[in-house]
Amino acid sequence: MAVNRIRALLVDGARRLERLLLPSRCLLCAAPGGGDDLCAACAAELPRNPVCCTRCAEPLAQPAALCGACQREPPPWDTAWVPFRYEWPLDRLESRFKFAAGLAAGRVLAAQWLAAGPPPSRPDLIVPVPLHRGRLRRRGYNQALELARPLASALGIPLRHDVLERVRVTNQQTELDAKRRRANVRGAFRLRPLRAAGLPLHIALLDDVMTTGATLAECARVLKRAGVARVDVWALARAPARR
């Protein structure tokens, strides 16, 4: 097990013990949490994404089935479930979860995802987007897998993290525009050997944050080439797309 993962688990265990001995505090405002890691007021401030494109989850000013970009060039997946927007204060929790070994923040985000309502359709399998093994060693855990586990358990849907493999290191996508993001992840994923024969026809591909969708698109193409008939994308939050 990676050193970072062990450290994260130790920190998480210490926080669990602290909650048993001391009143819980909200992760965002430090107010008494009443037994939860997020108080009701901060939970209510999380930015929802109720009016969005059904294909890419881009927030829309008015209800419509598809945004203009998806009408012109549909992405390689079939539908999207992204219940939040990547804005304050959710972005603070996500950064703590992803970059500061904040597994408690991850639990809060997964719980809020589940509380947002059921997915629009029920897949046969959930597949988290993988990290490259080098980045996984440094971080100690895959944030997409940590979000997928409680969702799969609560929804009663099988989860497999051994379907896709990230075969090369890519630059961080954060500061790249859409074109450079697509080039950055092209050919970065493959199906693990001997996995195609056991894949169901309907898979949900899960990641934490969706921006241009370049990473999800590359993974969806790999799954569809392997014979998966329908790929939905699930993400916690939709960030403003960089065109």
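See the structure shown above.
Summarised in this report is the structure supplied together with it. All of these numbers come straight from a predicted model, not from anything done at the bench. (Residues numbered from 1 in each chain as written. Predicted model: local features only at pLDDT ≥ 70, side-chain atom pairs only at ≥ 80, totals over all residues. Heavy atoms only, no water.)

What about the pairing of strand β7 (residues 230-238)?
Here is the key point about a regular strand: its side chains alternate between the two faces of the sheet.
Here comes step 1: Among the nine residues in β7, eight count as buried, and that is most of the element.
Here comes step 2: Judged from the three bridges that link them, strand β1 (residues 79-81) and β7 form a sheet pairing that is parallel. Residue pairing in the sheet places W81 in a bridge with W234 of β7.
Here comes step 3: The pairing of strand β2 (residues 84-85) with β7 spans two bridges and is classified as parallel. When the bridges of β7 are listed, F84 appears paired with A237.
Here comes step 4: Pairing geometry for strand β6 (residues 202-210) and β7, over eight bridges, is parallel. (Buried < 20%, exposed > 50% of the residue type's maximum accessible area, 1.4 Å probe, protein only. Helix = DSSP H or I, 4+ residues; strand = E, 2+ residues; numbered from the N terminus. Pairing = 2+ DSSP bridges.)

What about the side chain of Q112?
Here comes step 1: Structurally, Q112 can be placed in helix α5 (residues 103-115).
Here comes step 2: Those residues in contact with Q112 that sit more than four places away from it in its chain are L38, A43, L46, R48 and F84. (Contact = heavy atoms within 4.5 Å.)

Digging into the packing of helix α4 (residues 90-99) against α5
Here comes step 1: Put simply, α4 and α5 touch, their axes get as near as 7 Å, and they point 135° apart. Between α4 and α5, the angle falls in the class oblique. You can see that α4 and α5 cross each other, and the crossing is left-handed. Contacts between α4 and α5 involve L90, L93, E94, R96 and F97 from the former and L103, A105, G106, V108 and L109 from the latter.
Here comes step 2: Each residue belonging to the contact of α4 with α5 can be placed in one class, and the counts come to seven nonpolar, one polar and two charged. (Axes fitted to C-alpha atoms, helices over the stretch in contact; angles between N-to-C directions. Parallel < 35°, antiparallel > 145°, perpendicular 65-115°, else oblique. Left-handed = near helix turned anticlockwise from the far one by under 90°. Nonpolar A, V, L, I, M, F, W, Y, C, P; charged D, E, K, R; others polar.)

A word on the pattern of salt bridges
Between side chains of opposite charge, pairing is possible as soon as their charged atoms come close.
Here comes step 1: Counted under the stated rule, the structure contains ten salt bridges.
Here comes step 2: Between D208 and K98 there is a salt bridge, with its nearest N and O atoms 3.4 Å apart. Taken together, the positions of D208 in strand β6 and K98 in helix α4 put the pair 110 residues apart, joining distant regions of the chain. We note that D208, like K98, is buried.
Here comes step 3: Put simply, R221 and E218 hold a salt bridge, and the shortest N to O gap is 3.4 Å. Residue R221 and its partner E218 are both found in helix α9 (residues 214-225); the two are separated by three residues, about one turn of the helix.
Here comes step 4: Using a relative accessible area of 36% as the deciding quantity, one classes R221 as partly exposed. (Salt bridge = Lys/Arg side-chain N within 4 Å of Asp/Glu carboxyl O.)

Brief notes about the pairing of strand β3 (residues 125-128)
Here comes step 1: The side-chain alternation of β3 yields two buried faces, one formed by L125 and V127 and the other by I126 and P128.
Here comes step 2: In terms of strand pairing, β3 meets β6 through four bridges, oriented parallel. Directly across from P128, in β6, lies its bridge partner L206.

Focus on the side chain of R139
Here comes step 1: Here R139 lies in helix α6 (residues 133-139).
Here comes step 2: Despite being buried, R139 has no salt bridge partner; D208 is the closest side chain of opposite charge, sitting 6.2 Å away.
Here comes step 3: At 2.5 Å, the side chain of R139 and the side chain of Q143 are in polar contact. (Lys, Arg positive; Asp, Glu negative; His and termini not counted. Polar contact = N/O pair within 3.5 Å; in protein donor to acceptor, adjacent residues only side chain to side chain.)

Description of α4
Here comes step 1: Among the residues making up α4, those that are buried are L90, L93, E94, F97 and K98. For α4, the angular spread of the buried residues around the axis is 120°, confining them to a single face.
Here comes step 2: Residues of α4 that are buried sit in contact with β2, α5, α6, α7 (143-155), β6 and β7.
Here comes step 3: Downstream of α4 by one or two residues, A101 has phi in the positive range, about 55°. (Arc of directions from axis to C-beta.)

Quick word on the nonpolar core
Here comes step 1: Ranked by size, the top nonpolar core spans 34 residues in total, and within it L38, L93, L206 and W234 carry the most contacts.
Here comes step 2: Looking at this core, the elements with two or more residues in it are α2 (40-45), α4, α5, α7, β6 and β7.
Here comes step 3: When residues no more than four places from it in sequence are discounted, the contact partners of L206 are W113, I126, V127, P128, V129, A144, L147, A148, L151 and W234.
Here comes step 4: Among the nonpolar cores identified, the runner-up in size contains 33 residues, and V127, V129, A214 and L223 belong to it. (Core = buried A, V, L, I, M, F, W, Y, C linked by side-chain atoms within 4.5 Å.)

Describing the environment of V228
Here comes step 1: Its place among the elements puts V228 in the loop between α9 and β7.
Here comes step 2: Residues V228 and L201, 27 residues apart in the sequence, show an inter-C-alpha distance of 4.7 Å.
Here comes step 3: The residues contacting V228, other than those within four sequence positions of it, are L199, P200, L201, H202, I203 and L223.

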